[in-house]
Structures are given as C-alpha cells and as structure tokens.
Amino acid sequence: MNQTPFLAAERIQYAYPDGDGRLVLANVSLSIAPGAFVALVGPSGVGKSTLLRILGGLLPPGGGELWRNGRADLVHDEPVGIVFQHDNLMPWRTVYENVALPLELQGMNGRATQERVGRMLDLVGLAGEAAAYPAQLSGGMAQRVALARALVHEPSLLLLDEPFGALDALTRERMGQELLRIWQANPVTVFMVTHSISEAVFLADEVLVMGKAAGEPATLTHHFAIDLPRPREFKMQRTAVFQDMVTAVREAIGG
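Cut-offs and rules
- Residues numbered from 1 in each chain as written.
- Predicted model: local features only at pLDDT ≥ 70, side-chain atom pairs only at ≥ 80, totals over all residues.
- Heavy atoms only, no water.
- Core = buried A, V, L, I, M, F, W, Y, C linked by side-chain atoms within 4.5 Å.
- Buried < 20%, exposed > 50% of the residue type's maximum accessible area, 1.4 Å probe, protein only.
- Helix = DSSP H or I, 4+ residues; strand = E, 2+ residues; numbered from the N terminus.
- Contact = heavy atoms within 4.5 Å.
- Pairing = 2+ DSSP bridges.
- Axes fitted to C-alpha atoms, helices over the stretch in contact; angles between N-to-C directions.
- Phe/Tyr/Trp six-rings, centres within 6.5 Å; stacked < 30°, edge-to-face > 60°.

Chemist: Let's hear about the nonpolar core: which residues, and what values?
Modeler: Among the nonpolar cores identified, the biggest contains 53 residues, and F37, L160 and V201 are the most heavily contacted of them. Looking at which element gives the most residues to this core, the answer is helix α4 (residues 139-151), with 7 residues. Those residues in contact with V201 that lie beyond four places of it in its chain are V207, I226, L228, R232, F242, M245, V246 and V249. V38, L40, L66 and L159 belong to the second-largest nonpolar core, a separate cluster that totals 27 residues.

The following block contains the structure:
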C-alpha cells in the first residue's frame, strides 16, 4: 500500500520578482514520505536553495501546487525548522537564549521552555554550554546550536540549506554523523540542500538531482533511492556499493 506523502509538489515554477520574468524553476515535481531524509544536489546557482525556500513557505511559487500533510501549503499551520549555511545566532544571546527563541515567539515561557530547551541541548551534546555566547563556540558547536533552535519547537519539516558548508572537512564529516544521530533520536521529515555528493548519499534515503539545459529553467532531472542500511557508519563510505552510488549521482549532474 502506498504511503500518503508528507510533502508533495507538482509542476512548481518560479521567476525572481526583480528579474526579467524568465523562469528559473519549471515543472518541479516531488513526493516526500513522512519521516524521510531527502537530499538535493546540483550545480551551483541552479536554484536548489530557491526550491528549498518554496517548500518551506519562505517564497511563494509562481505556479504549480504544494501540499503538506494532504493540505494545500498555503493553509498549513505545522511549524518548520530551518538551518542555513551560517548559524545566524544572535551574538548577544546565550546558547540557551538562542535555542529558546522559537518558543518565545510562540508565547511559551517558564518551566515548559526550560525543559524543552534543556532536552534539545542535551540531544545535540551541548548541555554544558547553555550559558556560553556564540563567540565562545567553535563552528561545529554553533551549528549544533542552530540545529537545536530549528528543532526545539517540534517542527514537522526540517530544511537544511548547506548547513555544513562553512566547516572544515573533518568537522563536516563529524557533523554529518551527528545529524544522523539527532535525526534518529528526534524523527522529522528532512529536506537538505548540499554541494557534497558523498554527504548526500551518506545521509539521505533519496537523492534528487537538479539541472537545466542552456537557456532553460531548472528542474529535477534524476531521483536516486539510496538503499543503504541504517544506522550508517562512516566506514560505509569505503564500500563499492557506496562509491557506485556516488558515481551515478555525479554522472547525473554531469561531472
């Protein structure tokens, strides 16, 4: 029996409001199952982040249809968590205060906020850093705070826009494993944009490829089901099966 998609898009298109009216996205259709981890890859500047923002309700599509939990996206009320490449933490607020911000905006306070923020800081391994300020954190720690902030209000959808792109290679690898641990402990539907093919294959259940022909708007060109067992360990990346998947995705991108 087919599972009802959590997030679905059909024939999405988009043109930048301050442009010349030419479409940058067209005929983008996808279906994401509840609790799935989906990664999007493609050349720089092709429109991956634009699609992520449309799926998260930050940009209105210029055409097509969106559904979340079977309802038109314009009428949904489920919270969405977003983590960008830069942590965007407020430097004058402590770690605790940064994580608590989404709850404050919802009108929550008191013990309920303390318990939820404490639980999230424990989940991301920063229980002892609640009183620290962003300037006192490493890049990886700051991104953990950003991830805790994105999850503290219990979103139904987590959007990740190149969340580890500003980190060095070793920290990025560790953060990928940490993200899987956090996701498995706090299940949520994830849509992630990344420029790293190996990262996409290692993390995701499905990898989508975005591309375009010269002079044409971008669209989704390939869908790859990543049939690797979970939980995933870093040593899996040395296997022939993993490398074959990375090669297939790279060839689909054209590089």
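Chemist: Lay out helix α2 (residues 95-105) in plain terms, naming residues and giving numbers.
Modeler: Every buried residue of α2 is accounted for by V95, N98, V99, A100, L101, P102 and L103. Lining the buried residues of α2 we find α3 (111-123) and α4. Looking one or two residues beyond α2, the residue adopting positive phi is G107, at roughly 90 degrees.

Chemist: Please set out the sheet that holds strand β10 (residues 219-225) residue by residue, giving values where relevant.
Modeler: Strand order in the open sheet formed by 6 strands is β6-β7-β8-β3-β9-β10, and the pairing between neighbours is mixed. For this open sheet the edge positions go to β6 (80-83) and β10, each flanked by a neighbour on one side alone. In this sheet, adjacent strand axes meet at a mean angle of 20 degrees when their direction is disregarded. As paired elements, strand β9 (residues 206-211) and β10 share 6 bridges and run antiparallel to each other. Directly across from M210, in β10, lies its bridge partner L220. α4 contacts β6 and β7 (157-161) of the sheet and is inclined by roughly 165 degrees relative to β6.

Chemist: Can you break down the pairing of β7 residue by residue, with the values?
Modeler: With 5 of 5 residues buried, β7 is to be regarded as a mostly interior element. Burial along β7 is two-sided: the face carrying L157, L159 and D161 and the face carrying L158 and L160 are both buried. By the bridge criterion, 4 bridges tie β6 to β7 in an arrangement that is parallel. When the sheet's bridge partners are listed, I82 is paired in β7 with L159. Pairing of β7 with strand β8 (residues 189-193), which is carried by 5 bridges, proceeds in the parallel orientation.

Chemist: Help me get a handle on the packing of aromatic side chains, residues and values and all.
Modeler: All chains considered together, the criterion is met by 3 aromatic pairs. A centroid spacing of 5.7 Å and a plane angle of 85 degrees characterise the contact between Y14 and Y16, whose relative ring orientation is edge-to-face. Seen from their ring centres, F202 and F234 are 6.4 Å apart, and the 75 degrees between their planes marks the pair as edge-to-face. Taken together, the residues F202 in helix α6 (residues 197-203) and F234 in the loop between β10 and α7 (240-253) connect sequence positions 32 residues apart. The exposure class assigned to F202 is buried, which follows from its relative accessible area of 3%. The exposure class assigned to F234 is partly exposed, which follows from its relative accessible area of 29%.

Chemist: Please give an account of unusual backbone geometry that cites residues and values.
Modeler: In this structure, the amide linkage connecting R230 to the following residue, P231, adopts the cis form with an omega of 0 degrees. Looking at the element boundaries, P231 is found in the loop between β10 and α7. Notably, N27 is not glycine yet its phi reads approximately 55 degrees, a positive angle. Note that N27 resides in strand β2 (residues 25-32). In this structure N27 comes out as exposed when scored by relative accessible area, which is 56%.

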